[in-house]
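# Observations on the three-dimensional arrangement
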Amino acid sequence: MLNKIHQILKQVTDPEIPVLSLQDLGVIRNVEVDDKQITVTITPTYSGCPAMEVMEQDIIDVLKKEGLRVGLPTTIKVITQLSPAWTTDWITDEGKKALLKYGIMPPTSSGEIMCPQCKSKEVELLSQFGSTACKALYRCKKCLEPFDYFKCH
Ligand SMILES: [Zn+2]
């Protein structure tokens, strides 16, 4: 049953990054199921992240809809766990690839930021805050394309 739930949860993506599933983002920390209820534990990428409510509702909606079809319990509980705090280390390799393909530079522990388009390392910081507070806005000096960098934290 857990496998089925994980399969279904892959459909739930970050509201801001539609190519990145919440599982690959590392937001879904735990899934439990018994005869009556599915319990999903999530950790927000940062506390007060406005997208969290959307994510929570998406999880409930998709599990109810898809779960009904495969005979899973339709009582869904989402628990928000703040500690330990989410870190960019929790983004899976698959998730990082998806980000890069989408044109967002994934967080890197080396601190080396390159252009997702042309892979040039000649980049400049335009703003500490990109489209959301989680990202910084950069521009590639080579192809001149602006891009978001998913900040490490
Ligand atoms: Zn470039």
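How each quantity is defined
- Residues numbered from 1 in each chain as written.
- Predicted model: local features only at pLDDT ≥ 70, side-chain atom pairs only at ≥ 80, totals over all residues.
- Heavy atoms only, no water.
- Helix = DSSP H or I, 4+ residues; strand = E, 2+ residues; numbered from the N terminus.
- Expected span 1.5 Å × (residues − 1).
- Buried < 20%, exposed > 50% of the residue type's maximum accessible area, 1.4 Å probe, protein only.
- Contact = heavy atoms within 4.5 Å.
- Core = buried A, V, L, I, M, F, W, Y, C linked by side-chain atoms within 4.5 Å.
- Donors = N, O, S within 2.8 Å, 3.2 Å for Na, K, Ca; no water.
- Tetrahedral: all angles 85-135°; square planar, octahedral: opposite > 155°, others 65-115°.
- Salt bridge = Lys/Arg side-chain N within 4 Å of Asp/Glu carboxyl O.
- Pairing = 2+ DSSP bridges.

## Here's the deal with helix α3 (residues 51-69)
- Look at α3: 27 Å from first C-alpha to last across 19 residues, which is about the 27 Å you get at 1.5 Å a residue.
- By the burial criterion, the buried members of α3 are Ala51, Met52, Met55, Ile59, Ile60, Val62, Leu63, Glu66 and Gly67.
- As for α3, its buried residues are in contact with α1 (2-9), α2 (22-25), β2 (37-42) and β3 (75-80).
- The first or second residue beyond α3 is glycine 71, which carries a positive phi of 75°.

## Some remarks on the nonpolar core
- The biggest cluster of nonpolar side chains holds 29 residues, and the ones touching the most others in it are Leu25, Ile59 and Leu63.
- Only α1, α2, β1 (28-33), β2, α3 and β3 provide two or more residues apiece to this core.
- In terms of residues, this core owes the most to one element, α3, which gives 7 residues.
- Excluding residues within four positions of it along the chain, leucine 25 makes contact with Asp14, Leu20, Thr45, Met55, Trp86, Trp90, Ile91 and Phe150.
- Met105, Cys115, Val123 and Tyr138 belong to the second-largest nonpolar core, a separate cluster that totals 9 residues.

## Concerning the coordination of the zinc ion
- Donor atoms from the polypeptide that coordinate the zinc ion comprise Cys115 (SG), Cys118 (SG), Cys140 (SG) and Cys143 (SG), at 2.3 Å from the metal.
- Classification of the site at the zinc ion as tetrahedral follows from its 4 donor atoms and the range of 104 to 119° in their angles at the metal.
- Considered as a linear motif, the donors of the zinc ion on their single chain read C-x2-C-x21-C-x2-C. In this pair, cysteine 115 is assigned in the loop between β4 (104-105) and β5 (123-127) and cysteine 140 in strand β6 (residues 135-140), connecting sequence segments 25 residues apart. Each member of the pair cysteine 115 and cysteine 140 is classed as buried.

## Thoughts on the pattern of salt bridges
- For the structure on display, the rule yields 5 salt bridges.
- Between lysine 135 and glutamate 16 there is a salt bridge whose closest N-O contact spans 3.9 Å. Of this pair, lysine 135 sits in strand β6 while glutamate 16 is found in the loop between α1 and α2, placing the two residues 119 residues apart along the sequence.
- The class for lysine 135 is buried, based on a relative accessible area of 2%.
- Residue glutamate 16 is classed as partly exposed on the basis of its relative accessible area of 35%.
- Within this structure, Lys65, Glu66 and Arg69 form a network of salt bridges that share partners.

## Side note on the sheet that holds strand β7 (residues 146-150)
- What the 4 strands build is an open sheet, ordered β4-β7-β6-β5; its pairing is mixed. Either end of the sheet is taken by a strand with one partner, and the two such strands are β4 and β5.
- Judged from the 4 bridges that link them, β5 and β6 form a sheet pairing that is antiparallel. Bridging from a neighbouring strand, serine 127 pairs with leucine 137 of β6.

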